[in-house]
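Structural characterization, general
Here are the chains, one letter per residue:
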Amino acid sequence: MLTVVTRPVRVRAPAKVNLHLAVGDLRPDGYHDLTTVFHALSLVDDVSVVSAPTISVTVRGEDAAAVPLDGSNLAWRAAVMVAEASGRAPGVAITIDKGIPVAGGMAGGSADAAATLIALDELWGLGLSRAEIMKYAARLGSDVPFSVAGGTAVGTGRGEKLLPVLSRNTFHWVLALSKEGLSTPAVYRELDRLRERGTPPRAGDPDELMQALASGDPTRVGPLLTNDLQAAALSLRPDLRRTLRAGLDAGAIAGIVSGSGPTCAFLCASADDAVEVGAELSGAGVCRTVRVASGPVPGARVTRDERGR
Ligand code: C5P
């Protein structure tokens, strides 16, 4: 039986890094066809929703000031979408504790949208099927379905069509967060511009990477990390070259711009190595701050507090 919940519902959703991001040509609808391998990381946003007279969004955390608190916020849009579809008023107070960098190329806004969908399904007792949640997710943004799914997955289409990937082991990462964010559309536009002027290298298919992921060996995975958006992100933010270099100098197996950037993600051989690389990188003065994370982790899911409520 479905019951309507009156206490807050709390949902945790992960950041992502693209282990492989092959970007096709610009489509007539303004998007690019992708073949990408998403990987969910233990850098998370916690979103809680509670019934309220009107809709509101509150954001807490280091990056909070950079997040819009109106109808342009993806969590807000998710709430309006689900409310309209279920014929109710969007009376909900949404609180987001941000651990994922804002405009960092790690799907932070998508994580909040995914978390809001899952939370409202429970708060309002909607009993949405997985397919329905994924349909809302894809309408909200290209990365939102993966924020729901988590794990490691191949994305095609705009990135919204997902198939899970077998990945053995936990991989250990260091993330170098940047002072300023990058706009995803601007990075895609820059890639189109670079491609008009020349022929920046294009990623092939991710078959070899899939085999490396199945082997669980980070030294096999590292050299296969690839991102077509990296050239565009570096063109807009040449300083990121120094960040990438510093991570390798600190002992990472490989470094890559995460999605549209500017966060740089470094794959490390072990959890201990990641802590060491993180410490060295934070002393190198090439980024705002450093985080250590691991993956894969699950997608957006309801969490309970310590008392199990
Ligand atoms: O889907 P989403 O709203 O997150 O995408 C943000 C922007 O990123 C799009 O407006 C588009 O400029 C760019 N994009 C793209 N191709 C994709 C995904 C995103 O060009 N597959």
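Residues numbered from 1 in each chain as written. Predicted model: local features only at pLDDT ≥ 70, side-chain atom pairs only at ≥ 80, totals over all residues.

**Describing the overall build of the protein chain**
- In terms of regular secondary structure, the protein chain is built from ten helices and twelve strands.
- In terms of overall size, the protein chain behaves like a compact globule, its C-alpha atoms giving a radius of gyration of 19 Å where 309 residues would be expected to give roughly 19 Å.
- Projected onto its principal axes, the C-alpha coordinates of the protein chain cover approximately 55 × 45 × 35 Å.
- Among the 309 residues that make up the protein chain, the fraction classed as buried is 50%. (Helix = DSSP H or I, 4+ residues; strand = E, 2+ residues; numbered from the N terminus. Rg over C-alpha atoms; globule rule 2.2 N^0.38 Å. Buried ≥ 20, exposed ≤ 12 C-beta atoms within 10 Å, placed from the backbone.)

**Topic: the sheet that holds strand E10 (residues 264–268)**
- On the basis of which strands lie adjacent, the open sheet formed by four strands has the order E9-E10-E7-E11 and antiparallel pairing. The outermost strands of the open sheet, each flanked by one partner alone, are strand E9 (254–257) and strand E11 (289–295). Taken over all neighbouring pairs, the strand axes of this sheet differ in orientation by 25° on average, direction set aside.
- Relative to E10, helix H9 (residues 240–249) is tilted by about 10°, and along the sheet it contacts strand E7 (171–177), E9 and E10. (Pairing = 2+ DSSP bridges. Axes fitted to C-alpha atoms, helices over the stretch in contact; angles between N-to-C directions. Contact = placed C-beta atoms within 7 Å.)

**A short note on the site of the ligand**
- In the neighbourhood of the ligand, the contacting residues comprise Gly30, Tyr31, His32, Leu34, Gly141, Ser142, Asp143, Arg158, Gly159, Thr184, Pro185 and Tyr188.
- Secondary structure elements with two or more residues in the shell around the ligand: strand E2 (32–51) and helix H5 (184–197).
- For the shell around the ligand, the class distribution of residues is four nonpolar, six polar and two charged.
- Residues from two domains meet in the shell around the ligand; each of domain 1 (9–165) and domain 2 (171–295) gives at least three. (Near = placed C-beta within 6 Å. Nonpolar A, V, L, I, M, F, W, Y, C, P; charged D, E, K, R; others polar. Domains from an automatic or database assignment.)

**Quick look at the packing of helix H1 (residues 74–85) against helix H2 (residues 108–123)**
- Running from amino to carboxyl end, H1 crosses H2 at an angle of 30°, the nearest separation of the two axes being 7 Å. If you check the angle between H1 and H2, you find them roughly parallel. Both H1 and H2 take part in a crossing whose hand is right-handed. Each of Leu74, Ala75, Arg77, Ala78, Ala79 and Val82 in H1 lies in contact with H2, whose residues at this interface are Gly109, Ser110, Asp112, Ala113, Thr116, Leu117 and Leu120.
- Counted by class, the contact of H1 with H2 contains eight nonpolar, three polar and two charged residues. (Parallel < 35°, antiparallel > 145°, perpendicular 65-115°, else oblique. Left-handed = near helix turned anticlockwise from the far one by under 90°.)

**Considering the domain arrangement of the protein chain**
- Domains assigned within the protein chain are domain 1 (9–165) and domain 2 (171–295).
- Spacing between the C-alpha centres of domain 1 and domain 2 amounts to 22 Å.
- The interface is formed by 27 residues belonging to domain 1 together with 34 residues belonging to domain 2.
- Of all the elements in the fold, those that place two or more residues in the side of domain 1 that touches domain 2 are strand E1 (9–26), E2 and strand E5 (152–156).

**Describing the pairing of E5**
- Across the five residues of E5, four count as buried, placing the element largely inside the fold.
- As judged from the four bridges shared by E2 and E5, these two strands associate in the antiparallel manner. Within E5, the residue paired with histidine 39 across the bridge is threonine 152.
- For E5 and strand E6 (residues 161–164), the ladder comprises four bridges, and the chain directions are antiparallel. By the bridge assignment for E6, glycine 155 is matched with leucine 162.

**Points about the environment of glycine 259**
- Turning to its location among the elements, glycine 259 is positioned in the loop between E9 and E10.
- In this structure glycine 259 comes out as buried when scored by C-beta crowding, with 28 C-beta atoms within 10 Å.
- For the pair glycine 259 and asparagine 18, spaced 241 residues apart in sequence, the C-alpha to C-alpha distance is 5.7 Å.

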